[in-house]
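# Examination of the molecular architecture
What follows is the residue order along each chain.
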Amino acid sequence: MRLRNVRGSREEIEKNVFVVHEPEQHKGSWNRFFRNENPLHIEIGMGKGMFICQLAQNNPDINFLGIEKYSSVLIRGIEKRKELELPNLYFLRLDAEFINDVFDKEEVDRVYLNFSDPWPKDRHARRRLTSREYLSRYEKLLKKEGEVIFKTDNRGLFDFSLEEADIAGWELKNCTYDLHGSEYAEGNVMTEYEEKFSGLGNPIHRMVIGQKL
Ligand code: SAM
């Protein structure tokens, strides 16, 4: 993803009330942070936040945390959030590599990964957010019945992710190579990238994986 530097975004994020500062302090107590016992869903690499803002609007009884590494992108999500009354949605500026510093064992119900960066070179495979290294991080923070839901139009990355999930011992709960033409299309919430790439005619792939119980 090509990033345009948005001047002042880092400073704005550092003082923004919708961003959780020092999220490590809430490890193990996110329910206390949200002041309820609702399930917790997180999106990693949320980009400009269209997907997670819409989900939070549609599901007021679920707590959402949007995670994004770069201030210049996150600032766009924050702008959307300002226009909406959404007590169930907050953001973290965080590199997902450190996700286990922020969530305790079995604290999260669902992880969304949407159009994650493909890192096409083999030597960068472990940086892919669906690599076995990342799956083992998610395994720690997810509840037993928790799941990872991954969408992309990148067939190579999708096939890699299916293989990694299999090698890491996850169960494939469902899988489609054409989400928009499938039985799962109804209720699908689009991301910015999904709008762009499906608009170009690319089929959207989606997989749902969970722990073998
Ligand atoms: N999910 C959005 C969508 O579907 O429109 C954005 C997709 S964009 C290709 C990938 C996003 O993931 C970028 O905003 C990037 O900064 C973010 N990202 C990549 N690696 C990350 C990491 N290790 N931790 C957090 N965010 C990351």
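Computed from a prediction, not measured in an experiment: that's the story for all the values here.

### Thoughts on the overall build of the protein chain
- A tally of regular secondary structure across the protein chain gives seven helices and seven strands.
- Taken over the C-alpha trace, the protein chain has a radius of gyration of 16 Å; the compact-globule value for 213 residues is 17 Å, and the two agree within 12%.
- Counting only residues that meet the buried cut, the protein chain has 37% of its 213 residues in that class.
- Sequence-distant contacts, at least 24 apart, represent 78% of the contacts inside the protein chain between residues at least 6 apart.

### Here's the deal with helix α6 (residues 155-167)
- If you check α6, its first and last C-alpha atoms are 18 Å apart, about what 13 residues at 1.5 Å a residue would give, namely 18 Å.
- Just downstream of α6 lies glycine 169, where phi reads positive at about 85°.

### Things to note about the sheet that holds strand β4 (residues 108-114)
- Here seven strands make up an open sheet; going across it, the order is β3-β2-β1-β4-β5-β7-β6 and the pairing mixed. Single-partner strands in this sheet number two, and they are β3 (89-93) and β6 (170-176). Going across the sheet, the axis of each strand differs from the next one's by a mean of 20°, ignoring polarity.
- When strand β5 (residues 142-152) meets strand β7 (residues 205-211), the two strands line up antiparallel, connected through six bridges. The residue of β7 that forms the bridge with threonine 152 is histidine 205.
- Together, β4, β5, β6 and β7 form the strand contacts of helix α5 (residues 132-141), whose direction differs from that of β5 by roughly 140°.

### Points about unusual backbone geometry
- One non-glycine residue, glutamate 106, lies in the positive phi region at around 55°.
- Checked against the element boundaries, glutamate 106 lands in the loop between β3 and β4.
- C-beta crowding within 10 Å serves as the criterion here: with 14 such atoms nearby, glutamate 106 is assigned to the partly exposed category.
- Positioned with a positive phi, phenylalanine 115 is a non-glycine residue whose angle comes to about 50°.
- Note on placement: phenylalanine 115 falls in the loop between β4 and α5.

### Brief notes about the UniProt feature "binding site: substrate" (unreviewed entry) in the protein chain
- The UniProt record annotates "binding site: substrate" (unreviewed entry) at Lys121, Asp153, Thr191, Glu192, Tyr193 and Glu194. These annotated residues cover 74 residues of sequence, and their C-alpha atoms reach 25.1 Å apart at the extremes, leaving them scattered rather than at a single site.
- Note that aspartate 153 resides in the loop between β5 and α6.
- The residues contacting aspartate 153, other than those within four sequence positions of it, are Phe197, Asn202, Pro203, Ile204 and His205.
- Relative to the elements of secondary structure, tyrosine 193 occurs in helix α7 (residues 192-199).
- Judged by local crowding, tyrosine 193 falls into the buried class, with 22 C-beta atoms found within 10 Å.
- The contact partners of tyrosine 193, leaving out residues within four places of it in the chain, are Asn114 and Phe115.

### What about the site of the ligand?
- Taken together, 21 residues surround the ligand, and among them Gly45, Gly47, Ala96, Thr191 and Tyr193 come closest.
- Listing elements by their share of the shell around the ligand, those giving two or more residues are β2 (63-68) and α7.
- In terms of residues, the shell around the ligand owes the most to one element, α7, which gives three residues.

### Details of the pairing of β5
- As paired strands, β4 and β5 are joined by six bridges and run parallel to one another. In the sheet register, asparagine 114 faces β5, and the bridge partner there is lysine 151.
- Handedness of the crossover joining β4 and β5 through α5: right-handed.

### Looking at the environment of histidine 21
- By secondary structure assignment, the location of histidine 21 is in the loop between α1 (9-15) and α2 (30-34).
- Placed 70 residues apart in sequence, histidine 21 and phenylalanine 91 show a C-alpha to C-alpha distance of 9.1 Å.

### Digging into α5
- Here α5 has its buried residues at Tyr134, Leu135, Tyr138 and Leu141. Angularly, the buried residues of α5 cover 125° about the axis, an arc narrow enough to put them on a single face.
- At its buried positions, α5 is contacted by β4, β5, α6 and β6.

Reading the values: rules and limits
- Residues numbered from 1 in each chain as written.
- Predicted model: local features only at pLDDT ≥ 70, side-chain atom pairs only at ≥ 80, totals over all residues.
- Helix = DSSP H or I, 4+ residues; strand = E, 2+ residues; numbered from the N terminus.
- Rg over C-alpha atoms; globule rule 2.2 N^0.38 Å.
- Buried ≥ 20, exposed ≤ 12 C-beta atoms within 10 Å, placed from the backbone.
- Contact = placed C-beta atoms within 7 Å.
- Expected span 1.5 Å × (residues − 1).
- Pairing = 2+ DSSP bridges.
- Axes fitted to C-alpha atoms, helices over the stretch in contact; angles between N-to-C directions.
- UniProt positions renumbered as here; feature names shortened; annotations may be inferred.
- Near = placed C-beta within 6 Å.
- Right-handed = clockwise from strand over helix to strand, strands pointing away.
- Arc of directions from axis to C-beta.

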